[in-house]
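# Residue-level structure breakdown
Residue-level listing of the chains:
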Amino acid sequence: MKYAEFKEAVAAAAKRLGIEEYELYYSASESSSASVFRHEIKDFSSSLEGGVSFRCLANGRMGYASTEELSEDMAERIVASAMDNASVLETEEQEFLVEGGKEYTVPETEEYELPAAEELVKKALEAQEALYAADAMVIDGSETETVNITNSVAIMNSKGLDLRHESKMSILVSAAVVSDGNEMNDSYEIKAGDLKKLDLAAIAGKAVSEAKSKLGAGVAPTGSYPVVFAPKAMSSLLATYSGVFSSESARKGLSRLAGKEGEVIASDRVTLVDDPFYKDAAVKIGFDAEGSPAYTKNVIEKGELKTLLYNLKSAAAMGKKTTGNASKAGYSSPVGIRPFTMYLAPGSLTEEELLKKAENGVYIDFLGGLHAGADPISGDFSLQSAGFMIENGVKTEAVKNFTVAGNFYELLKNIAELSDKVELPGFGGVTSFGSPAVLVNGLSVAGK
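Quick caveat: nothing in here was measured; it's all calculated off a predicted structure. (Residues numbered from 1 in each chain as written. Predicted model: local features only at pLDDT ≥ 70, side-chain atom pairs only at ≥ 80, totals over all residues. Heavy atoms only, no water.)

## Examining the sheet that holds strand β10 (residues 304-305)
- Taken together, the 5 strands give an open sheet; going across it, the order is β10-β9-β8-β13-β18, and neighbouring strands pair in mixed fashion. The two strands at the open ends of the sheet, each matched to only one other strand, are β10 and β18 (432-434).
- Note: strand β8 (residues 272-274) against strand β9 (residues 297-301), 3 bridges, orientation antiparallel. Within β9, the position partnered with Asp274 by the bridge is Lys297.
- Sheet strands in contact with helix α5 (residues 231-241) are β8, β13 (341-344) and β18, and its direction is about 130 degrees off that of β18. (Pairing = 2+ DSSP bridges. Helix = DSSP H or I, 4+ residues; strand = E, 2+ residues; numbered from the N terminus. Contact = heavy atoms within 4.5 Å. Axes fitted to C-alpha atoms, helices over the stretch in contact; angles between N-to-C directions.)

## A word on the side chain of Ser53
- Within the secondary structure, Ser53 is located in strand β2 (residues 40-58).
- If sequence neighbours within four positions are ignored, Ser53 has contacts with Glu23, Leu24, Tyr25, Tyr64, Ala65, Ser66, Lys328, Tyr331 and Ser332.

## A few points about empty space enclosed by the protein
- Scanning the entire structure with this criterion turns up 1 cavity of 30 Å³ or more.
- By volume, the largest cavity is sized at about 40 Å³.
- Split by residue class, the lining of the largest cavity holds 3 nonpolar, 1 polar and 3 charged. (1 Å grid on protein atoms, 1.4 Å probe; cavity = no way out; pocket = protein on both sides within 12 Å on 5 of 7 lines; lining within 4 Å. Points joined across faces, edges and corners; volume = space filled by probe spheres on them. Nonpolar A, V, L, I, M, F, W, Y, C, P; charged D, E, K, R; others polar.)

## A closer look at the pattern of salt bridges
- Inspection of the entire model under this criterion finds 25 salt bridges.
- Taking the shortest distance from any N to any O, the salt bridge between Lys214 and Asp365 comes out at 2.7 Å. Of this pair, Lys214 sits in the loop between α4 (200-213) and β7 (223-229) while Asp365 sits in strand β14 (residues 361-368), placing them 151 residues apart in sequence.
- We classify Lys214 as buried; its relative accessible area is 8%.
- Two residues, Glu248 and Arg251, come together in a salt bridge whose shortest N-O distance is 3.0 Å. Here Arg251 and Glu248 lie together in helix α6 (residues 247-251), a separation of 3 residues that amounts to about one turn. (Salt bridge = Lys/Arg side-chain N within 4 Å of Asp/Glu carboxyl O. Buried < 20%, exposed > 50% of the residue type's maximum accessible area, 1.4 Å probe, protein only.)

## Concerning the pairing of β14
- Counting buried positions over the 8 residues of β14 gives 7, a clear majority of the element.
- Of the pairings in the sheet, the one linking β7 to β14 comprises 3 bridges and is parallel in character. Paired with Val228 across the two strands is Tyr363, which belongs to β14.
- Two strands pair when backbone bridges link them, and β14 and strand β15 (residues 380-391) are joined in this way by 7 bridges, in the antiparallel orientation.

## Overview of the packing of aromatic side chains
- Per the stated rule, a full pass over the model turns up 8 aromatic pairs.
- When the centroid spacing of 4.6 Å and the interplanar angle of 25 degrees are considered together, the rings of Tyr3 and Tyr26 count as stacked. With Tyr3 in helix α1 (residues 3-16) and Tyr26 in strand β1 (residues 22-37), this residue pair connects regions lying 23 residues apart in the sequence. Grouping residues by exposure puts Tyr3 and Tyr26 together as buried.
- Judged by centre distance (6.5 Å) and plane angle (50 degrees), the rings of Tyr363 and Phe388 are tilted. On the criterion of sequence distance, the pair formed by Tyr363 in strand β14 and Phe388 in strand β15 is long-range, its members being 25 residues apart. Here Tyr363 and Phe388 have matching classes, each one buried.
- In textbook terms, an aromatic cluster arises when at least three aromatic residues are bridged by ring pairs, as seen for Tyr241, Phe245, Phe408 and Tyr409.
- Note that Lys328 overlies the ring of Tyr25, its terminal NZ or CZ placed 4.9 Å from the centroid.
- Here the guanidinium or amino end of Lys395 rests over the ring plane of Phe388, the centre of that ring lying 5.2 Å away. (Phe/Tyr/Trp six-rings, centres within 6.5 Å; stacked < 30°, edge-to-face > 60°. Lys NZ or Arg CZ within 6 Å of the ring centre and 35° of its normal.)

## Some details on the environment of Glu183
- If you trace the backbone, Glu183 turns up in the loop between β5 (162-179) and β6 (184-192).
- Classification of Glu183 as partly exposed rests on a relative accessible area of 23%.
- The sequence separation of Glu183 and Asn392 amounts to 209 residues, and the corresponding C-alpha distance is 29 Å.
- Leaving out residues up to four positions away in the same chain, Glu183 has contacts with Val178, Lys214, Leu215, Gly216, Ala217 and Lys400.

And the structure:
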């Protein structure tokens, strides 16, 4: 049974069982991928997964049930199961359903046909050949992968809400391993878009160039320096600490931003944006996991914390309005909170001008150990790093195997300048993170 038919069957079952308030949430993902190693196909796989979650109000409590099976019989059973589950719940916390009839922004998307399996394999092979052709230092261990993903999500409820969204995309991963005969290094590039239009040579060249740049790297001297974070590094740091902007984290004491809305928490150079429709995002969607309209917002504006991110439950608990940031990790997952495309707004300097502003310091383009070395609650971090020394305003020798330490909340206050170009360095599905290059004053570096 298709979702549209199952939806009608669930509505009919709810009516028969006397359920007046309910919601049906559906999500499905279909993917196929081809990976190449040593000029040959290493793996080809495809998958299809998804299901539905039903929740309803029974005896003053919200009960839940979920299933992967879409059938007439299951439509009846899932409603009955949710009713039964409601009867044994002990929580008194109120839950909410979105009213229908709201206005939603329709995102502008690039429409292209996903390649068939044969073309997916062909592009993965061509991408690897582009890696080997980019430089004689490229060695076996270099891999490429092409991926097709189709995601569907739909929400229907008893209050007149009936939404559906589908996104399709192709992705290329190009991972280069290089060697100068003494040591090896690696780097990767990820691009989403029409595979027919991607410049495979340019993508391979960038991955290879970054991998080669660290060969023969030394170790940064210990000290306190101005640090320029490359877009890729700053984006990864922002992703790690993005949870501090969740109202649910603040409510549970897991963020130091509780009660800080309207206060200055960062340098006046800092504007942090959450944009469901960002032009370079792979996925754009006009509603959140509860069906509330999604919209672009400044979380921080010129240093001031304008808003945390809310869903309906956290907004009601904290006397606020939802920001349309409800999320679900999967169809059967509880409702949480997450950004869409969160990025630091650009400044006015080129990266070269930013380096001149730093004068002497460290340029960091890699951060490792983010899960172990970063504490999202305290904000403290001590992270394995790699990059380049900055001397007299220009990048000089490559450095690696050093750590950079600081505190995320203090880092926001010490951002001196940002470059004029935002990059989204990776693919994050519905949630992505981006940044320009960022100059931060006075971070601790531990090396030689």
